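# Residue-level structure breakdown
The lines below spell out each chain.
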Amino acid sequence: MKNINISISELELNKFGIKDDNLTFSEFVDIVSKELTRQTLHRCIELSEKYGLSKLTMEEITKEVKAVRKNAKNRN
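Residues numbered from 1 in each chain as written. Predicted model: local features only at pLDDT ≥ 70, side-chain atom pairs only at ≥ 80, totals over all residues. Heavy atoms only, no water.

## Considerations on the overall build of the protein
The secondary structure content of the protein amounts to three helices and zero strands. Secondary structure elements in the protein, listed N-terminal to C-terminal, are α-α-α. Expected size for 76 residues packed as a compact globule is a radius of gyration near 11 Å; at 21 Å, the protein overshoots this value by more than 25%. Its C-alpha atoms give the protein principal-axis dimensions of roughly 55 × 30 × 15 Å. A total of 76 residues make up the protein; the buried ones form 5% of that total. For the protein, the exposed surface amounts to about 7,400 Å²; the carbon and sulfur share of it is 55%. (Helix = DSSP H or I, 4+ residues; strand = E, 2+ residues; numbered from the N terminus. Rg over C-alpha atoms; globule rule 2.2 N^0.38 Å. Buried < 20%, exposed > 50% of the residue type's maximum accessible area, 1.4 Å probe, protein only. Areas by Shrake-Rupley, 256 points an atom, 1.4 Å probe, with all protein chains shown as cover.)

## Brief notes about the layout of surface pockets
Of the pockets and cavities examined, the largest pocket occupies roughly 610 Å³. In this structure, the largest pocket is lined by 16 residues; those nearest its centre are I4, I6, D21, N22 and L23. Residue composition of the lining of the largest pocket, by class: nine nonpolar, four polar and three charged. (1 Å grid on protein atoms, 1.4 Å probe; cavity = no way out; pocket = protein on both sides within 12 Å on 5 of 7 lines; lining within 4 Å. Points joined across faces, edges and corners; volume = space filled by probe spheres on them. Nonpolar A, V, L, I, M, F, W, Y, C, P; charged D, E, K, R; others polar.)

## A look at the environment of K66
Within the secondary structure layout, K66 lies in helix α3 (residues 58–75). Residues K66 and Q39, spaced 27 residues apart in sequence, show a C-alpha to C-alpha distance of 30 Å.

So far we have only geometry, and geometry alone does not tell us how the molecule works.
As structure tokens, this is what we get:
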């Protein structure tokens, strides 16, 4: 097995919630993946609020999806 060293700031350690100095590669990937997923979700929420999508009901969403599907079928 090979070992690699990665330099990371205290800010990044805290941001990613890394508490251990020794991680397996799988653990590191898991931690980074979770943080990137969290950031992406946060950005999606911001965009949904910006464009008013966060206020849609499930019924309104269903209607929108059906309308898009209907238009897509009519274009073929």
